[in-house]
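Each chain, written out:
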Amino acid sequence: VFESNLNLGLMLAQTGSPEAEQFLHAATQLKPSANPQEGLARAWLSLGHVLERSKPTDAVQAFGEAAKLQPRNPEPHLSAGAILERQNNLAGAEREYKAALALAANSADALVGLANIYMQSKRLPQAETALRQYLAVEPKNGAAHVQLGRVLEAEGKHAEAAAELQQGLQLAPDD
């Protein structure tokens, strides 16, 4: 029964059907016969994605349940962080992105999320650190070099800012 509800919910979610929520929620209440924690985590994660736009608070809760079931998976934290960031809950988003980063030290998504939060809250030294960490993972991202250049300029580090802006323009001249 679990697998039927999960599979039907996933198929409905792919078509954008509002009934997906009903089947995925039902799946979260059942016990899978094989790999119960993994199956339930998939159900909660899928339910969270279905609820992201219509019920963001419920989606964050669903991602929290998925994280409890798979404590080594950064995905529920990244998804919850993105929702909390959209809701302007910067402290909650920061907490989720940091949790994802603790699980996946080179998570580009977590580093971008943290950089965005630090820039929004005018925490420039932390934004600089997050952008530098991101660029260690994605060194050819011109937009990130430009953003780092802007942060460095705002911090009064003019020579470093010019070098980053130049590198950004070289990597992405049309951006």
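For the structure given in this document, a descriptive report is provided here. (Residues numbered from 1 in each chain as written. Predicted model: local features only at pLDDT ≥ 70, side-chain atom pairs only at ≥ 80, totals over all residues. Heavy atoms only, no water.)

1. Quick notes on the overall build of the protein
For the protein, the count of helices and strands is ten helices and zero strands. The N-to-C order of helical and strand elements in the protein reads α-α-α-α-α-α-α-α-α-α. Projected onto the principal axes, the alpha-carbon positions of the protein cover approximately 65 × 30 × 25 Å. Considering only residue pairs separated by 6 or more positions, the protein has 42% of its internal contacts joining residues 24 or more positions apart. If the 15 positive side-chain charges of the protein are averaged to one point and the 20 negative ones to another, these points end up 5 Å apart. (Helix = DSSP H or I, 4+ residues; strand = E, 2+ residues; numbered from the N terminus. Contact = heavy atoms within 4.5 Å. Lys, Arg positive; Asp, Glu negative; His and termini not counted. Charge placed at Lys NZ, Arg CZ, Asp CG, Glu CD.)

2. Focus: the pattern of salt bridges
One pass over the full model with this rule turns up nine salt bridges. Close ionic contact of Arg-86 with Glu-52 constitutes a salt bridge, the shortest N to O distance being 3.5 Å. Note that Arg-86 is positioned in helix H5 (residues 75–86) and Glu-52 in the loop between helix H3 (36–51) and helix H4 (56–69), a separation of 34 residues in sequence. Its salt-bridge partner being Lys-98, residue Glu-94 comes within 3.1 Å of it at the nearest N-O pair. Of the two residues, Glu-94 and Lys-98 both sit in helix H6 (residues 90–103), four residues apart, roughly one turn of that helix. If you follow the salt bridges from partner to partner, you end up with Glu-128, Arg-132, Glu-155, Lys-157 and Glu-160 in one network. (Salt bridge = Lys/Arg side-chain N within 4 Å of Asp/Glu carboxyl O.)

3. A short note on the packing of helix H2 (residues 19–28) against H3
Their axes nearest at 9 Å, the elements H2 and H3 cross at an angle of 150°. In this view, H2 runs roughly antiparallel relative to H3, as classed from their interaxial angle. In the packing of H2 onto H3, the handedness of the crossing is left-handed. Across from Ala-20, Glu-21, Leu-24, His-25, Ala-27 and Thr-28 in H2, the residues of H3 making contact are Leu-40, Ala-43, Trp-44, Ser-46, Leu-47, Val-50 and Leu-51. Here the residues of the contact of H2 with H3 sort into nine nonpolar, three polar and one charged. (Axes fitted to C-alpha atoms, helices over the stretch in contact; angles between N-to-C directions. Parallel < 35°, antiparallel > 145°, perpendicular 65-115°, else oblique. Left-handed = near helix turned anticlockwise from the far one by under 90°. Nonpolar A, V, L, I, M, F, W, Y, C, P; charged D, E, K, R; others polar.)

4. With respect to the environment of Ile-117
Residue placement: Ile-117 occurs in helix H7 (residues 108–120). Take Ile-117: its relative accessible area is 1%, and that puts it in the buried class. Along the chain, Ile-117 and Ser-107 lie ten residues apart, while their C-alpha atoms are 16 Å from each other. Ile-117 has contacts with Glu-85, Leu-90, Ala-93, Glu-94 and Tyr-97, leaving out every residue within four places of it along the chain. (Buried < 20%, exposed > 50% of the residue type's maximum accessible area, 1.4 Å probe, protein only.)

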